[in-house]
Amino acid sequence: MASPTSSQQPRRLAELRVDEIADYLTTRDTAIIPVGATEQHGRHLPLGVDAMTAIAVAEDAAAQTGVIVTPPVWFGWSPHHMGFAGTVTLRPETLTHLIEDLGSSLLHHGFRRIIVVNGHRLANLPPLAIAATRLRADTGAAVVVADLAHLAQPEYAHWAQTVGTFIGHADGYETGHMLHLHPDLVDASAVPEDAAPAHPQSLRTIDPSIASTRAAWWPSTEAELVASGDGSSGRPSWGDAERGETLHRAMVRDLVELIGQVEGFAVEVRRPEAPR
């Protein structure tokens, strides 16, 4: 699923042959794993938003840098969205173990640097961070988690200040991103004019679009999200394809920079056993 921004084809692990992987590992040792979720995104966006955006950013960065990108993980930790039809959730420990197994498999073959690109924002970060920490501690490999809400911070902050928006769910950022990547999957007639605030209290959430460290992680429950209405928040109506393209390019820009930093980081890897 390549995005319209790609100028080259990314090197996808699943499309390469054994000899091609072996050749790659003689000169490069980095792999990107896109991770998202399959969960409700209001009535105007498809359930796969988090995975689709992670795939697109990962593949565009992979195309620019020549690194390999693996098949995506389409499911994440989404218990708070289970009140809406179609949402699928993993247990957090399942997601942690899944990333550990994927990472161990790659490291077993000679990859030494893994970047997990997370499209599910804050919710996936605890299980992904645990997996990355364990892999690094056990093997010495460079294992890094890049979150789409923490890339492109200048762009997030600009719109927070000039538009008066913030990071919510199925918000203007996600709506614009999808209008750029997959406009055919967006129901423009169902975009809410204004959604319920995601964090009316100043200390309610960790929002990278707000220039403040006065924040806390305040999880939502399934019942709270159902009671809030259509499951969206954060002014979806201001998102458009132009803003979405700007945001996407900024995310790719920052991920490309991160790849360079990770590849410049010295590692001594202890080859793990394959998961059994």
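Residues numbered from 1 in each chain as written. Predicted model: local features only at pLDDT ≥ 70, side-chain atom pairs only at ≥ 80, totals over all residues. Heavy atoms only, no water.

As annotated in an unreviewed UniProt entry, the protein chain carries the name Creatininase family protein and comes from Microbacterium resistens. According to the UniProt record, the Cofactor (unreviewed entry) comment for the protein chain is "Zn(2+)". Check the Sequence similarities (unreviewed entry) section of the UniProt entry for the protein chain; it says "Belongs to the creatininase superfamily." (UniProt positions renumbered as here; feature names shortened; annotations may be inferred.)

**A short note on the pairing of strand β2 (residues 30-35)**
With six of its six residues buried, β2 lies for the most part within the structure. Covered by surrounding structure in β2 are T30, I32 and P34 together with A31, I33 and V35, the residues of both alternating faces. As defined by bridge partners, β2 adjoins strand β4 (residues 113-118) across six bridges and the pair is classed as parallel. The partner of P34 across the bridge, within β4, is V117. Bridge analysis of β2 against strand β3 (residues 68-69) gives two bridges, and the strand direction is parallel. Paired with I32 across the strands is V69, a residue of β3. (Buried < 20%, exposed > 50% of the residue type's maximum accessible area, 1.4 Å probe, protein only. Helix = DSSP H or I, 4+ residues; strand = E, 2+ residues; numbered from the N terminus. Pairing = 2+ DSSP bridges.)

**Regarding the side chain of D29**
Within the fold, D29 resides in the loop between α1 (18-24) and β2. A residue is classified by how much of its surface remains accessible, and D29, at 13% relative accessible area, is buried. In terms of polar contacts, D29 uses its side chain to reach the side chain of R113, at 2.9 Å. Sequence-distant contacts of D29, defined by excluding residues within four places in its chain, comprise Y24, G110, F111, R112 and R113. (Polar contact = N/O pair within 3.5 Å; in protein donor to acceptor, adjacent residues only side chain to side chain. Contact = heavy atoms within 4.5 Å.)

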